[in-house]
Amino acid sequence: MAGISRRGLFPLLGGAAALSQGTMLRAALPQRGMRVAVIGAGIIGASIAYHLARDGAMVTVLEKEKPAAGATGGSFAWLNAGGKRPHPYYMLNLLGILGWHRLQTELGHDALPMQWNGCVQWRSGADVAQRTQASIEQQMAWGYPSQMIDAARLSALMPGLNPGAVDVASFCPAEGTVNPRVATEAMLAAAETLGATVESPVSVTGFDAGAGPVRRVLTGGGALDVDAVVIAAGLDSMPLSAMLGAHVPIETSPGILAHTEPGANVLPRLAFGAGANMKQPPDGGFVTGSTFAGTPDMAPTRKNGERLLAAARTYVPALHDLKLDWVSIGHRVLPKDSFPIVGHLPGKTNAYVAAMHSGMSMAPLIGELAATEVLGGPKAELLTTFRPDRFAG
Ligand SMILES: Cc1cc2nc3c(=O)[nH]c(=O)nc-3n(C[C@H](O)[C@H](O)[C@H](O)COP(=O)(O)OP(=O)(O)OC[C@H]3O[C@@H](n4cnc5c(N)ncnc54)[C@H](O)[C@@H]3O)c2cc1C
């Protein structure tokens, strides 16, 4: 194989013991020792690779650029489920949040630092207030711990916030965030410790499959014999799946974010006001964007970064001390009907795809479920409505 292996194959059996809490329980899975190629080292590929390695597979991750080079590296990474509908999609996100707590325990808090202080949101305007109230009530009816709060509670939760007019505010203590690059690297490192190999830059160019199962994955630098392949290639999951005869329709929209240099922590939790979504994860770097919708007309220039930062500073004056470091652009992975596409490709018993938006929120759960299914374990009922065959024919 061409490319740089970040570590040799099966190097540290000793290290595997430290990460093997789940292994004993999973010894009954039928396909231990299976050779699995995971295409893509974004948050989804990294999570699937970690869970496969944890469960005894011989994993090779193939990444065409570098880990977190795709949507993951440009993600805001708000880990949330509130407002996500219908109920099965909400459950994937809710269990995703739970999965992050499990992962933090498995990988260690030092390897996977996270911020779990929740998220506040506020707005002005009577119609917005009405809509927010209805949304929060629906979330509460599903057991999600969102709550309406008044201006006094908002300032108690966010000392130093200058929110302007507040007609409605809410708080969800269950939400959090993580640095998406750090999380991706942490999962890949854990997978490597368990014997996985991460090859990058190596681009997958095709498959040796014919009408049957995939036997080899083809790359610019050679071919890899496999028992199974997982396509977690973000936007490129569409053309790669097409090579195996499957229609996996994905669209995209860009989003830019301004990142500051690390500094004193001025933002204890995620904070969303009109025109500024803000967070400051444990590494101290502050991150802000203007909207969760696409921003196709905003190039990732320093000028636009300064504009985003200026909007955030009107709400949090202490941000004046933090300097713009860089501006990212991420291209969202948007399945055509907005919902995750996860499962074996139609007609291919050993080719699996995982492509989605909100992948940061769901990554630990998707990794767990995908690994179980790839290794021949039970099919997850949770994924029933998210299978790729909904686009077949
Ligand atoms: C601006 C923005 C804000 C977001 N905010 C949030 C948020 O707040 N909360 C949330 O939950 N989600 C959010 N998302 C969505 C989330 O980031 C994505 O759903 C997630 O990162 C997708 O991860 P992925 O691993 O599927 O794809 P990617 O991160 O795109 O990874 C795919 C990888 O595959 C590699 N690859 C592609 N083709 C090949 C090939 N042929 N061979 C080898 N490698 C290949 C790529 O180089 C890439 O590294 C946001 C996304 C963006 C862009």
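Please read all numbers here as calculations on a predicted model, not as lab measurements. (Residues numbered from 1 in each chain as written. Predicted model: local features only at pLDDT ≥ 70, side-chain atom pairs only at ≥ 80, totals over all residues. Heavy atoms only, no water.)

## Concerning the side chain of Arg313
Moving on, step 1. Position of Arg313 relative to the elements: it lies in helix 8 (residues 302–315).
Moving on, step 2. Salt bridges are absent for the buried Arg313, whose nearest opposite-charge side chain, Glu306, sits at 4.1 Å.
Moving on, step 3. Side-chain polar atoms of Arg313 contact the backbone oxygen of Leu319, separated by 3.3 Å. (Helix = DSSP H or I, 4+ residues; strand = E, 2+ residues; numbered from the N terminus. Buried < 20%, exposed > 50% of the residue type's maximum accessible area, 1.4 Å probe, protein only. Lys, Arg positive; Asp, Glu negative; His and termini not counted. Salt bridge = Lys/Arg side-chain N within 4 Å of Asp/Glu carboxyl O. Polar contact = N/O pair within 3.5 Å; in protein donor to acceptor, adjacent residues only side chain to side chain.)

## Side note on the UniProt feature "domain: FAD dependent oxidoreductase" (unreviewed entry) in the chain
Moving on, step 1. Within this numbering scheme, the UniProt entry marks residues 35–371 as carrying the feature "domain: FAD dependent oxidoreductase" (unreviewed entry).
Moving on, step 2. The distance from the first to the last C-alpha atom of residues 35–371 is 12 Å, and the span holds 31% helix and 27% strand. (UniProt positions renumbered as here; feature names shortened; annotations may be inferred.)

## As for the packing of aromatic side chains
Moving on, step 1. Inspection of the entire model under this criterion finds 11 aromatic pairs.
Moving on, step 2. Here Tyr89 and Phe386 contribute two aromatic rings whose centre-to-centre distance is 6.5 Å and whose plane-to-plane angle is 50 degrees, an arrangement assigned as tilted. Of this pair, Tyr89 sits in helix 3 (residues 87–107) while Phe386 sits in the segment after helix 9 (359–374); the two residues are 297 residues apart in sequence, bridging distant segments of the chain. In terms of burial, Tyr89 and Phe386 fall into one category: buried.
Moving on, step 3. Both rings, one in Trp122 and one in Tyr315, keep their centres 5.3 Å apart while their planes meet at 85 degrees; by these two values the pair is edge-to-face. Placement of Trp122 in strand 6 (residues 119–123) and of Tyr315 in helix 8 is noted, with a sequence separation of 193 residues between them.
Moving on, step 4. Among the residues examined, Trp122 registers a relative accessible area of 2% and is labelled buried.
Moving on, step 5. For Tyr315, a relative accessible area of 12% puts it in the buried group. (Phe/Tyr/Trp six-rings, centres within 6.5 Å; stacked < 30°, edge-to-face > 60°.)

## As for the pairing of strand 8 (residues 168–172)
Moving on, step 1. Burial runs high along strand 8: five of the five residues are buried.
Moving on, step 2. In this structure, strand 6 lies alongside strand 8, joined through five bridges in antiparallel fashion. Bridge pairing links Gln121 to Ser170 in strand 8.
Moving on, step 3. Note: strand 7 (residues 147–149) against strand 8, three bridges, orientation antiparallel. (Pairing = 2+ DSSP bridges.)

## Focus on the nonpolar core
Moving on, step 1. Membership of the largest hydrophobic core comes to 60 residues, with the highest contact counts inside it found for Leu52 and Trp100.
Moving on, step 2. Among the secondary structure elements, those contributing two or more residues to this core are strand 2 (35–39), helix 2 (43–54), strand 3 (58–62), helix 3, helix 6 (180–193), strand 14 (228–231), strand 23 (351–355) and helix 9.
Moving on, step 3. Sort the elements by how many residues they give to this core and helix 9 lands first, with nine residues.
Moving on, step 4. Per-domain counts for this core show at least three residues from each of domain 1 (4–73 + 180–251 + 336–391) and domain 2 (116–175 + 252–334).
Moving on, step 5. Setting aside residues no more than four positions away along its own chain, Leu52 makes contact with Val36, Val38, Ala57, Val59, Val230, Ala371, Val374 and Leu375.
Moving on, step 6. One finds Val120, Leu154, Phe286 and Leu309 within the second-largest nonpolar core, a separate group that totals 26 residues. (Core = buried A, V, L, I, M, F, W, Y, C linked by side-chain atoms within 4.5 Å. Domains from an automatic or database assignment. Contact = heavy atoms within 4.5 Å.)

## Considerations on the packing of helix 2 against helix 9
Moving on, step 1. The N-to-C vectors of helix 2 and helix 9 enclose an angle of 40 degrees; their axes lie 8 Å apart at closest approach. Relative to helix 9, the element helix 2 lies oblique. In this structure, the crossing between helix 2 and helix 9 has a hand that is right-handed. For the pair helix 2 and helix 9, the contacting residues are Ile43, Ile44, Ser47, Ile48, His51, Leu52 and Arg54 in the first and Gly359, Met360, Ala363, Pro364, Ile366, Gly367, Glu368, Ala370, Ala371 and Val374 in the second.
Moving on, step 2. Taken together, the residues that form the contact of helix 2 with helix 9 break down as 11 nonpolar, four polar and two charged. (Axes fitted to C-alpha atoms, helices over the stretch in contact; angles between N-to-C directions. Parallel < 35°, antiparallel > 145°, perpendicular 65-115°, else oblique. Left-handed = near helix turned anticlockwise from the far one by under 90°. Nonpolar A, V, L, I, M, F, W, Y, C, P; charged D, E, K, R; others polar.)

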